[in-house]
Each structure stands twice: as C-alpha cells, then as structure tokens.
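Working through the structure, step by step
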Amino acid sequence: MYCIKKVTDDLVWVGANDRRLAFFEGVYSVPAGVSYNSYLLLDEKTVLFDTVDKAVRQRFLENIEVALNGRKLDYLVVQHVEPDHSAVIPELIRRHPEIKIVCSARVLQFIKQFYDFDIDSRVRLVKENETLNTGKHNLQFIMAPMVHWPEVMMTYDSTAKILFSADAFGCFGALNGALFADEVDFAKDYMDETRRYYSNIVGKYGSQVESALEKTSALNIEMICPLHGFVWRSNLSEIVSKYMLWSKYEPEERGVMIAYASVYGNTENAAEILACRLRDKGIKTVIFDVSVTPASEIVSAAFKWSHLVFASTTYNAGIFVTMEALINDLAAHNIQNRRVAIIENGSWAPASGGLIREIMGKCENINILENNVSIQSGLKAAQLSDIEAIAEAVGKDFVSPAGTAQNNQAVPNTVDPITMFKLSYGLFVLTARDGNKDNGCIINTVMQITVSPVKITIGVNKANYTHDMILKTGKFNVSVLSEGVPFRVFQQFGFHSGKDTDKFAGSGEALRTSNGVRYLSEWVNGVISAEVKEAIDCGTHTLFIAEVNQAFPLSRDPSVTYQYYFDNIKPKPQPPKGNKKGFVCKICGYVHEGDTLPDDFICPLCKHGAADFERI
Ligand code: FEO
C-alpha cells in the first residue's frame, strides 16, 4: 500500500524508509534506519526529484502512481547518481517512457556509467543557474560538486522558495511518521545523527560545502527538501548554522573528546584518570573505546569537540588496529583546527604515540601538545604528574584571558557613559504587526546568544509602540541597516510614534516574512525573523530573548555601526542662529535653545533623554 505525505499544496513526498539496512554505504551503521526521500511536484508539468534505493523500490513506485493519479510523468530531475537515489531510474523509464530526464552533463556521464538504458533520447541537459518552467513553478539548477559526489546538483524552486538540496542537510534515521524537522525534537533526537551523517559522508569536502552554502545564501529559501531525513520549513538556521561550522571544521563545543584503544585496561585507566583531572577543572569530557564504538560515531564527535585526546597501546610495532583505523579515518575526513594530546602505551617498544603524531601532524591546523605520556604496561604513581601536565596544558585553553586592566592600578569606581559608547552597537529597523497594524522603530541592540537553536536578544525602549506590539504578539523582524542608508530612514522609523503615524506610508511593496511581519529591502543587508521566548523587564527597556525562525541576506554591503552613523549619516548640528545658546541631541541633531537643559528633558524628535544632549 502506498505511503505518501503532503509537503505543500502541490508537492508530495513519495520516498520511503528502510529500517533493515545494517550499514549505509556498507560502512555506517544505521540502527534507527534511514529515509530515501523523493519529491513529486504536481504543476502543469509533473516533476519527480530523484528516485530511491532499490530496497524500497516497490513502495516508491506505488507512491508515484498514487500521487500522479493518472497523470503522466513529464520530468525526472536527477541531482545525485549515487544508487541510493538513482537505483529505480531504469524501472521508472520502463513505466514512464515519455519522461524527460533533467540533469547536468556530469550526472549524464554517471548515469551512463551505472546504467544501460537509452538516456540520450530523453535527456535535457542543464547548466549552472539554468531554469526550467513547469507552469507555476520556476526551477533553477545549482551545481554543488562534492556535496557529496562530483556530479551533485541542487534545485531551487523560486516560486515556492524551496531548495531541493540533494544529500546536503540530510541525516540518518527513519522518519517514523513525521516529515518536517519541527515535528520532532530535532536538537535532542536527531542532531547527533545529522552530524554523523555530515562528518562521515561529506566531512572531507568542507570547502565545497562552503561554496554551496555561499551560492544558496543568495536565495530566499523558506524550505529545504533533502534526500535523507527531515524537511526543514521553519528555523532553517538551526541546520544551516551547523553546516557553516562543520564546513569550516570549527568545533561546536569546547570540551575534550578522549578516544582510547586498550587491550588489558591499562591505557583505558590512563584515559579515565585524565578525564577525571579535566573534569576537576570544570572541562567537559566524553570518552570512547575505539574497539567498541563505531568509528563513524567517533569521527562525528571529533567534529563536535574542540580538543581531542588519543590514547593507544602499541600493537605489532604500530598503532593498535582500531585506533589506527580511526586516526586514518579522521585524517581522510580532513579534520582540522583542533588541539590534540596523545598518550601511548607499549610493554617493550612503545611506538603508537609517535605514529599518531605523524599522521595527525599532517592535518591542517592541528596543534599537538608536546607533553608526552608514555606508559610501559601499567601507569605508575610517578606518571600521574605526566597526566596532570596534559590536564594543565589543556586546561589553559579553557581559562578566560585576564582583563587588560592592571589589577593593582586604581580605576575610577564610576560608570562612564563615554565608555559605554565603546560597545560596537549596530543599527536596525525593528518591525512588528498587530492585527492589520504594521509598525517599526530603530534599535541598536541586537545580539546572537546561541547557535543551536539560533537565539537573539533585542533591547527595546518601552516608550516605543513597537515594544508593546512585540509584547502582545511575540513576533518581530530585524532589518539590518547597511552603509549608505540615508538619514530619512532614521527619521521615518525613529522620530515619530507609530501610534499616530503610518511609518510605512509610501514605502512601496509590502514585503513580509513567513510570520506576516514587514521588513525593509532597501539599505538592508539581511533580515532576521524571530519569535519571543522570554521578556525581561529592565526598567526603561524590555530585553526580549527570541528564537530565530527565518534569516536571509539581501546584500553584501557592510552593516551600519553606531559609530558609522555618527560619522557619516547623522547631519552635523548647526549652531543656533544669532549666537543663541543651546544643546544639541547627539542622536538626531535636534537643537534645544536655552541656557539650561532640564534633567528630565526628552528629545521631541528621537525621544532620547538629556544624557544624549551636549552643549553647543
Ligand atoms: Fe544519499 Fe550521496 O547519497
């Protein structure tokens, strides 16, 4: 019986799950199964995106027939020829001989290598950025070589704003009835398997993944449909931010992964003692026995943690077999940017440490501690200091650098407002919507606080009408202003109250993110859409902590900083005519004439207080 799921009104998931596969690609255990995703677009033309593995062929073919509901299949877009996605193409051709295969020249070459059917008569070759109109939808093809094979191509449906991402953003694990990542506790239940999938399948090709991310960052993507795992329709940054870290080989967490190979428990003993000493210093640790834990899990952990310790006995004058396999695996997967420590053991000729050092030393930006722990059979009391020395050396990386102020130097015990301006504020248009009312204001405090999920804080003055709207609706957008923005934008959003003005009057087309809130597209280099999770009352302001569920770039122009605004945008204050005395608002340039400025004075234009005025 068929088993299909609706993705959008005219897109259907026609893939299938496999829980009987022992080893994906013959090497990676998949205890929770794996999904093979295929998507059928039912536009004026029908378009199938890839096929599935032969293990789920029958279900897939049933799914297509049901989803087509008697229509013919016009196009098959082949994005990746690895047989877990292409095995059913020959059968599909037999059933739908009218089909046109849309693919790149490299895909065509690989199809010919794997299969023998007549493709030349039905192929439609596409190149980078070429498009295909299928009725309502416009498909744009984006080459993504080495993510994960050289022929890989992605497809962007610019009508529905969907990226069909091939292997990218996929994960191990069957879907278990869900289809969308937001239907499950992804961070808790699937992120580890997503990292294991990424690190082992495409981890070697970080620079190519970066190129693909760069290309797709220019697109307005609202949904990602990968070939394995879940469809992303919200909080896309949760997965994209991980790919940005992984592709650069940047660790996700600061802490120490210890992998040991031990025959009789003595090397394990040293690893355990080191873990205890590190924990004593408050450093997170994880330990793996490389003879027990599958290498793919340890490779994945190595992509996660900042520091790696390898403890191995010597075996046949070399590295113990399972450790040797792991070290070579890590080197093959291009592991980089890590601090490494080594413990070796060897009853008569310890050699594993030097050999591990040699292999890891060839990896890019791997900093190996000089401290050497060399055990001959069992760890002796005198060697505990060697273990402690490693813990000390690693521990130094986890100590916050001391402040630059001299501890013995007297500094004023006051709050200097000028010092507060040293903080590198930006400038943003904060927008909200309540019912049919759109509104916005200027803020200067937006900060990212977490990566997974992506959370930000914004500080908003309670006097702003936008503040009240956000407090009520829990939704807002941040449009990041870029250099070149004219002063009138600050006047438009910063110098009036939304209670009695329409701040978007004359702003042209009402552009909205998926939460329905407006955003600015001009003089803005990026838009962040978020949902409030917590509101903290800070007196004059409220600090909102919010989860980002959409973020996309609009230009490469640099962001406006507070300093840039003062130096380049804000009009220089003009002295009052006729030698009058007065005070000028440093924020907007408003001039208050007179000898004195009351302490509770509020700028009638920008609503900043007396502290932001200076005497002319
Ligand atoms: Fe899921 Fe690279 O194939």
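All values derive from a computational prediction rather than experimental measurement.

Mean pLDDT over the chain works out to 92, with 96% of the residues at or above the 70 mark. Scored below 50 in pLDDT, residues 402-410 shows 0 contacts in the model against residues more than four places distant or in partner chains.

The next thing to look at is the environment of S306. Here S306 lies in strand β19 (residues 305-315). On the basis of relative accessibility, which here comes to 6%, the residue S306 falls in the buried class.

Let us now look at the packing of aromatic side chains. For the coordinates displayed, the defined rule picks out 26 aromatic pairs. Three or more aromatic residues link up through ring pairs in this structure, and these residues are F169, Y198, Y243, W246, Y249 and F303. Lying over the aromatic face of F398, R254 brings its terminal NZ or CZ to 4.6 Å of the ring centre.

Running from amino to carboxyl end, helix α10 (residues 295-304) crosses helix α11 (residues 321-332) at an angle of 50°, the nearest separation of the two axes being 10 Å. Taken together, the axis directions place α10 and α11 in an arrangement best described as oblique. Crossing of α10 against α11: the hand is right-handed. Between α10 and α11, the residues in contact are A295, I298, V299 and A302 and L326, D329 and L330, respectively.

Closest axis-to-axis distance for the helix α6 (residues 191-202)/α10 pair is 8 Å, and the angle between their directions is 95°. On the basis of their axis angle, the class for α6 and α10 is roughly perpendicular. Touching D192, R195, R196, Y198, S199 and N200 of α6 are S296, E297, V299, S300, F303 and K304, all from α10. Among the residues forming the contact of α6 with α10, the class breakdown is 3 nonpolar, 4 polar and 5 charged.

Okay, the sheet that holds strand β16 (residues 223-225) next. Pairing is mixed across the open sheet formed by 5 strands, whose spatial order is β12-β13-β14-β15-β16. Edge positions in the open sheet fall to β12 (131-133) and β16, since each of these has one partner strand only. Put simply, the sheet's adjacent strands are angled 20° from each other on average, direction ignored. Across 3 bridges, the pairing between strand β15 (residues 162-164) and β16 is parallel. Bridging from a neighbouring strand, L163 pairs with I224 of β16.

Here we take up the environment of D537. With respect to the secondary-structure elements, D537 resides in strand β28 (residues 524-538). One polar contact links D537 to K462, side chain to side chain, over a distance of 2.7 Å. Within the structure, the side chain of D537 is placed 2.9 Å from the backbone nitrogen of G539, a separation counted as a polar contact.

Bringing the pairing of strand β29 (residues 541-553) into the picture now. Relative to β29, strand β26 (residues 455-461) runs antiparallel, the two sharing 7 bridges. Looking at the pairing, T457 lines up with I545 of β29. Bridging between β28 and β29 involves 12 bridges; their strand directions are antiparallel. Residue E534 lies in a different strand from β29, and its bridge partner there is I545. Hairpin remark: β28 followed by β29, antiparallel, with 2 residues in the connecting loop; positive phi at G539, about 85°.

The rules behind each value
- Residues numbered from 1 in each chain as written.
- Predicted model: local features only at pLDDT ≥ 70, side-chain atom pairs only at ≥ 80, totals over all residues.
- Heavy atoms only, no water.
- pLDDT = per-residue confidence, 0-100.
- Contact = heavy atoms within 4.5 Å.
- Helix = DSSP H or I, 4+ residues; strand = E, 2+ residues; numbered from the N terminus.
- Buried < 20%, exposed > 50% of the residue type's maximum accessible area, 1.4 Å probe, protein only.
- Phe/Tyr/Trp six-rings, centres within 6.5 Å; stacked < 30°, edge-to-face > 60°.
- Lys NZ or Arg CZ within 6 Å of the ring centre and 35° of its normal.
- Axes fitted to C-alpha atoms, helices over the stretch in contact; angles between N-to-C directions.
- Parallel < 35°, antiparallel > 145°, perpendicular 65-115°, else oblique.
- Left-handed = near helix turned anticlockwise from the far one by under 90°.
- Nonpolar A, V, L, I, M, F, W, Y, C, P; charged D, E, K, R; others polar.
- Pairing = 2+ DSSP bridges.
- Polar contact = N/O pair within 3.5 Å; in protein donor to acceptor, adjacent residues only side chain to side chain.

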